Amino acid sequence: MSVSVSSTSVEQVVTANGVEPIELLTASNDDFDGVIIDMKNPVDSEIFVSSLRTSISHWRQQVAIPSTPSE
């Protein structure tokens, strides 16, 4: 998985309260096909959970494997 996310990246997410901007987490690749999240400042746990879920979804879309045509 290749991850390069700027701390200023924001995604619009539909919630029960409408559409809200969610800041994507800054992360880098580790040696085991995972990521290391770079947290510079403390964050409220509810905000962190929203950012983490949105970031994981975003990262999965970045590495989605294109379907191969049937032979």
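Below or above, wherever it landed, is the structure these notes cover. (Residues numbered from 1 in each chain as written. Predicted model: local features only at pLDDT ≥ 70, side-chain atom pairs only at ≥ 80, totals over all residues. Heavy atoms only, no water.)

Moving on: the side chain of S51. Considering the arrangement of structural elements, one finds S51 in helix α1 (residues 45-62). Here the side chain of S51 touches E23 through a polar contact of 3.0 Å, landing on its backbone oxygen. Apart from the residues within four sequence positions on either side, S51 is in contact with I22, E23 and L25. (Helix = DSSP H or I, 4+ residues; strand = E, 2+ residues; numbered from the N terminus. Polar contact = N/O pair within 3.5 Å; in protein donor to acceptor, adjacent residues only side chain to side chain. Contact = heavy atoms within 4.5 Å.)

Before going further, it helps to examine a nonpolar patch on the surface. Among the surface-exposed residues, M39, V43 and I47 lie close enough to one another that they form a single nonpolar patch of about 250 Å² accessible area. Structurally, M39 can be placed in the loop between β4 (35-37) and α1. Relative accessible area serves as the criterion here: at 37%, M39 is assigned to the partly exposed category. (Patch = residues over 30% accessible without salt bridge, like charges linked within 9 Å, V, L, I, M, F, W, Y side chains within 5 Å. Areas by Shrake-Rupley, 256 points an atom, 1.4 Å probe, with all protein chains shown as cover. Salt bridge = Lys/Arg side-chain N within 4 Å of Asp/Glu carboxyl O. Buried < 20%, exposed > 50% of the residue type's maximum accessible area, 1.4 Å probe, protein only.)

Here α1 spans 25 Å end to end across 18 residues, near enough to the 26 Å set by a 1.5 Å rise per residue. Within the sequence span of α1, burial applies to S51, T54, S55 and W59. End-on view of α1: buried residues confined to an arc of 135 degrees, all on one side of the axis. Exposed and facing more than 90 degrees away from the buried side of α1 are S45, E46, R53, R60 and Q61. Considering only its buried residues, α1 is in contact with β1 (10-15), β2 (18-23), β3 (27-29) and β4. (Expected span 1.5 Å × (residues − 1). Arc of directions from axis to C-beta.)

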